[in-house]
Amino acid sequence: MVKVEPHRFPGVFSVEDNERISLSTLSLVSGHSVYGEKTIKTGDCEYRLWSPRRSKLSAAISKGITEMPIQPGSRVLYLGAASGTTVSHVSDVVGSEGIVYAVEFSPRVARGLLSLAEVRDNIIPIVEDARHPERYTSIISGPIDVVYQDVAQPDQARILHENLKRFCSYGGWGMVAIKARSIDSTSSVDAVYSREIAVLEQAGLEITEVMKLDPLEKDHAMVICRMTEAVG
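Here the structure is a predicted model, which is why all the values come from computation and not from measurement.

What counts and what doesn't
- Note that residues are indexed from 1 along each chain, following the sequence as it is written.
- Confidence filtering applies because this is a predicted model: local features only for residues at pLDDT of at least 70, side-chain atom pairs given and counted only at 80 or more, and all residues used for totals across whole chains, interfaces and linings.
- Hydrogens are left out, water is left out, and the side-chain values use all remaining heavy atoms of the structure.
- Secondary structure counts use DSSP, requiring at least four H or I residues in a row for a helix and at least two E residues in a row for a strand, with both numbered from the N terminus.
- The buried label applies to any residue whose accessible area, calculated with a 1.4 Å probe on protein chains only, is under 20% of its type's maximum; exposed applies above 50%, and partly exposed to all values in between.
- The arc in question is the one traced by the directions running from the helix axis out to the C-beta atoms.

K.L.:
Which residues make up unusual backbone geometry, and what are the values?
P.N.:
A cis amide bond, omega 0°, links Asp214 with the succeeding residue Pro215. Residue placement: Pro215 occurs in the loop between strand S11 (205-212) and strand S12 (220-227). Backbone geometry at Ala82 places phi at a positive 50°, although glycine is not the residue there. Along the chain, the position of Ala82 falls in the loop between strand S6 (75-79) and helix H2 (85-94). Residue Asp219 is not a glycine yet carries a positive backbone phi of 60°. Here Asp219 shows up in the loop between S11 and S12.

This is the structure:
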């Protein structure tokens, strides 16, 4: 028997099936699979299983992060959207009252993202370089609540800060999946994490949580931060 219960984070659910518990989101578009994920139907609701090995955000939740800034109704700027695997779950979480501006640099990779946006009204795809937020300022309407960053670039912390500074106000949240080996292949992963965190702190951001994602995502850490009045 399948049992579905709300997770402690709004918009996220736990599905128990044959004694196995998985994270899931309530599908915003019932009957539409995004990347071949398993779905569970109970009554009129369809839940999409959210594998922690396919999504760094799911990995962070599975590992026990205490903050989840992305909630129903949130306005999210997602940097490094790729074809939209995690974006689709964020779309479920924020629901019809929220919006996800999804930025992906590669036109080829973004084809899947563009297709996803055709069936999900709360996703606005942006094929652009996250290192240059000024290029998509005109597309984003209103303040952003959360900037989520999953970009394989050596200056991840700077990219997050530049986008936070441009699109968020005091109290806005940042989430960055630090990819240690994309930044520095020779230093220890802990040293890389510390350097990126220092960049964020020097920019005036308050670090609220750091969660290493091993073994689900090797050499990755999720850093959650918040804007303060000192950010500039």
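K.L.:
Talk me through helix H3 (residues 110-119); I want residue IDs and the actual numbers.
P.N.:
Note on helix geometry: an α-helix contains 3.6 residues per turn, so any two residues three or four positions apart are oriented the same way. Of all the residues in H3, the buried ones are Ala110, Leu113, Leu116 and Ala117. Down the axis, H3 shows its buried residues gathered within 110° of arc, on one side only. Across H3 from its buried face, at more than 90 degrees, point the exposed residues Arg111 and Glu118.

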